[in-house]
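Here are the chains, one letter per residue:
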Amino acid sequence: MKLRATGGRIAGLRPRTMLMSGAAAAALLVSTALIAPSAHAAASTLGAAAAQSGRYFGAATNSFQLSNSAYATILNREFNSIVAENEMKWYANEPQQNSFSFSAGDRLVAHARANGMSVRGHTLLWHAQQPGWAQNLSGTALRNAAINHVTRVATHYRGQIHSWDVVNEAFADGGSGARRDSNLQRTGNDWIEAAFRAARAADPGAKLCYNDYNTDGINAKSTGIYNMVRDFKQRGVPIDCVGFQSHLGTTLASDYQANLQRFADLGVDVQITELDVAQGANQASIYERVTRACLAVTRCTGITVWGVWDAASWRDDNPLLFDGNGNKKPAYTSVLNALNSVSGPNPTNPPPTTTPPPPAGGACSASVSLNSWNGGFVATVRVTAGSAAIRGWTVRITLPGGAAVTGTWNAQASGSTGTVNFSNVGYNGQVGAGGSTEFGFQGTGTGPSGTPTCTAT
């Protein structure tokens, strides 16, 4: 049956009931390099045309749709990125607490890998489409479960995701610019920060994005998000990108490009993440203007349409680039022509990071950053090699009384209270001279305050 679910809403549209996929998981794939064709030859597909400027052009899909040969032909031909429409959401990949199912997502990952596509991850935490068991939690129990979910899912797909929508739709509509009231928000105002820190520890190579809807122009909601991102950047919270869903009707905000640019000026990438436009006289024009706005902003790294063809859209106003029979619409041509109008690489760089000076010799050092709340914390530990490479490491951390480790990622822990030794796992023991790696752990009580010690081999 047709699945009609999305991560967002469109202004002026009545929200639709979300129909859940029966498949149990979610997944995505390794980011692959975009190979640009000649800058002088117009590309004939959306993905190839976007790659000319170092960008991606993707589509949302579900694993069950891959069995439709006509659908799969368009997906494979036209797009160089995919995102799981539903199969990476919390209800899908952790239907029971601590019982994870990744099969449907892994199928999408494999499909993307086989067809040279990158993958966006959608979404680690969202107030909607939570499993029933999570909806029944609150306070510290929900906070710990949410951070555990972020850690486990991002770790499963470590190295396979281009960009993660770490948090989705956490701001309220209307003129307040405030956070949305949700069970996640009620765990503490720092829950978004905690999620981003956990995601960075679990998958240091993925771009970490905040994603929302009705943020297409400069308004109270987008300004509330802007202020959060600015605060995160000032305090070193690991955020790399902001997603603009862009579920559009028959008009486009006149300051759409200016809004993208002001976020980019904060030092984050911007992405159009769930684009669809109501069919009508302006559909092709709006698609073109959105595309050109992205192309005009250096740090706009890609566009994703929320579905391949109208027959699979969550909306009933034929908002996509292909009609229900798979035919290209005028909007398709307008987008392709816009993408072909720009060539040359997109000179974006990852956000700068601060690395402590490496220790001398073949030794190692360790530093800890904490994200704490009442009753719990997440610790991110950076291990830095000295002037010689190391082949293994052990970090010793002393926890205060009453604190206990409840989960560890990218390391092996010996014990859970008092003095705990964390040792490398198979893939992160070798660190080049002056290089670094990170691991993390979650705990109850108060986080460590002393300086950890690091022993190298």
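Residues numbered from 1 in each chain as written. Predicted model: local features only at pLDDT ≥ 70, side-chain atom pairs only at ≥ 80, totals over all residues. Heavy atoms only, no water.

**A short note on the state of the cysteines**
Right, on to step 1. If you walk through the whole model with that rule in mind, you get three disulfides.
Right, on to step 2. One disulfide in the model links C294 with C300; its S-S distance is 2.1 Å. An S-S torsion of about -100 degrees defines the bridge between C294 and C300 as left-handed. One exposure class covers both C294 and C300, and it is buried.
Right, on to step 3. The partner cysteine of C364 in its disulfide is C454, sulfur to sulfur 1.9 Å. Note on the C364 and C454 pair: the S-S dihedral is about -100 degrees, so by sign convention the disulfide is left-handed. Of this pair, C364 sits in strand 10 (residues 364-373) while C454 sits in strand 17 (residues 453-456), placing them 90 residues apart in sequence. An identical accessibility class is assigned to C364 and C454; each is buried.
Right, on to step 4. Sequence-ordered numbering of the bonded cysteines in the protein chain yields a pairing of 1-2, 3-4, 5-6. (Disulfide = S-S within 2.5 Å. Buried < 20%, exposed > 50% of the residue type's maximum accessible area, 1.4 Å probe, protein only. Helix = DSSP H or I, 4+ residues; strand = E, 2+ residues; numbered from the N terminus.)

**Some thoughts on the nonpolar core**
Right, on to step 1. One finds F57, F79, W164, F196 and L321 to be the most contacted residues of the largest nonpolar core, which totals 98 residues.
Right, on to step 2. No other element matches the nine residues that helix 7 (residues 191-202) contributes to this core.
Right, on to step 3. Of all hydrophobic cores here, the second largest spans 21 residues; its members include V381, L399, V405 and F422. (Core = buried A, V, L, I, M, F, W, Y, C linked by side-chain atoms within 4.5 Å.)

**Digging into helix 8 (residues 220-235)**
Right, on to step 1. With 16 residues, helix 8 should reach 22 Å at 1.5 Å per residue; the first-to-last C-alpha distance of 23 Å fits that figure.
Right, on to step 2. Listed as buried for helix 8 are K221, S222, G224, I225, Y226, M228, V229 and F232.
Right, on to step 3. Against helix 7, strand 5 (207-212), strand 6 (241-244) and helix 9 (256-264) lie the buried residues of helix 8.
Right, on to step 4. With a side-chain oxygen positioned 3.1 Å from the backbone nitrogen of K221, the residue opening helix 8 is N219.
Right, on to step 5. After helix 8 finishes, the residue G236 shows a positive phi value of roughly 80 degrees. (Expected span 1.5 Å × (residues − 1). Contact = heavy atoms within 4.5 Å. Polar contact = N/O pair within 3.5 Å; in protein donor to acceptor, adjacent residues only side chain to side chain.)

**A few points about the pairing of strand 10**
Right, on to step 1. Note that strand 10 and strand 11 (residues 376-385) share 10 bridges and pair antiparallel. Each bridged residue has a counterpart across the sheet, and for N371 the counterpart in strand 11 is V378.
Right, on to step 2. Taking the residues that link successive antiparallel strands as the turn, the strand 10-strand 11 hairpin has two residues, and the phi of G375 there is positive, at about 100 degrees. (Pairing = 2+ DSSP bridges.)

**Some remarks on the packing of helix 6 (residues 139-156) against helix 7**
Right, on to step 1. At a minimum axis distance of 8 Å, the contact between helix 6 and helix 7 shows a crossing angle of 30 degrees. One way to sum up the angle between helix 6 and helix 7 is to call them roughly parallel. Crossing of helix 6 over helix 7 shows right-handed handedness. Every residue of helix 7 that contacts helix 6 at R143, I147, V150, T151, A154 and T155 is listed here: W191, A194, A195, A198, A199 and A202. (Axes fitted to C-alpha atoms, helices over the stretch in contact; angles between N-to-C directions. Parallel < 35°, antiparallel > 145°, perpendicular 65-115°, else oblique. Left-handed = near helix turned anticlockwise from the far one by under 90°.)

**Some points on the sheet that holds strand 13 (residues 404-409)**
Right, on to step 1. The strand order across the open sheet formed by four strands is 10-11-16-13, and the pairing between neighbours is antiparallel. Every other strand in the sheet has two partners, leaving strand 10 and strand 13 as the edge strands with one partner each. On average, each strand axis in the sheet is tilted by 25 degrees relative to the strand beside it, whichever way the strands run.
Right, on to step 2. Relative to strand 10, helix 7 is tilted by about 150 degrees, and along the sheet it contacts strand 10, strand 11, strand 13 and strand 16 (436-444).

**Quick notes on the pairing of strand 4 (residues 163-168)**
Right, on to step 1. Taken across its six residues, strand 4 has six buried, putting it largely inside the fold.
Right, on to step 2. Sheet topology note: the strand 3 (residues 118-126)/strand 4 ladder contains five bridges and is parallel. By the bridge assignment, R120 is partnered in strand 4 with S163.
Right, on to step 3. Two elements, strand 4 and strand 5, share five bridges in a ladder whose sense is parallel. Bridge assignment links N168 to a residue of strand 5, and that residue is N211.

**What about the environment of G432?**
Right, on to step 1. In this fold, G432 is placed in the loop between strand 15 (419-423) and strand 16.
Right, on to step 2. Classification of G432 as partly exposed rests on a relative accessible area of 41%.
Right, on to step 3. Linking G432 and G386, residues 46 residues apart in sequence, is a C-alpha distance of 8.5 Å.
Right, on to step 4. Among residues more than four places away in sequence, those in contact with G432 are A385 and A389.

**Here's the deal with the sheet that holds strand 14 (residues 412-414)**
Right, on to step 1. Taken in spatial order, the four strands of this open sheet run 14-15-12-17, and their pairing is antiparallel. Of all strands in the sheet, those bounded by a partner on one side alone are strand 14 and strand 17. Taking the axes of each pair of neighbouring strands and ignoring which way they run, one obtains an average angle of 20 degrees across the sheet.
Right, on to step 2. In this sheet, strand 17 lies alongside strand 12 (residues 393-398) in antiparallel orientation, the contact comprising four bridges.

**Quick notes on the packing of aromatic side chains**
Right, on to step 1. Counted by the stated rule, this structure contains 14 aromatic pairs.
Right, on to step 2. On the numbers, 5.5 Å between centres and 85 degrees between planes, the contact of Y226 with F263 is edge-to-face. One end of the pair, Y226, is in helix 8; the other, F263, is in helix 9, with 37 residues separating them in the sequence.
Right, on to step 3. A residue is classified by how much of its surface remains accessible, and Y226, at 17% relative accessible area, is buried.
Right, on to step 4. Take F263: its relative accessible area is 1%, and that puts it in the buried class.
Right, on to step 5. Members of the aromatic cluster, each reached through a chain of ring pairs, are F377, W393, F422, F439 and F441.
Right, on to step 6. Above the face of the Y213 ring, K221 is positioned so that its terminal group lies 3.6 Å from the ring centre.
Right, on to step 7. The positively charged end of R262 is found above the aromatic ring belonging to Y226, 4.8 Å away from the centroid. (Phe/Tyr/Trp six-rings, centres within 6.5 Å; stacked < 30°, edge-to-face > 60°. Lys NZ or Arg CZ within 6 Å of the ring centre and 35° of its normal.)

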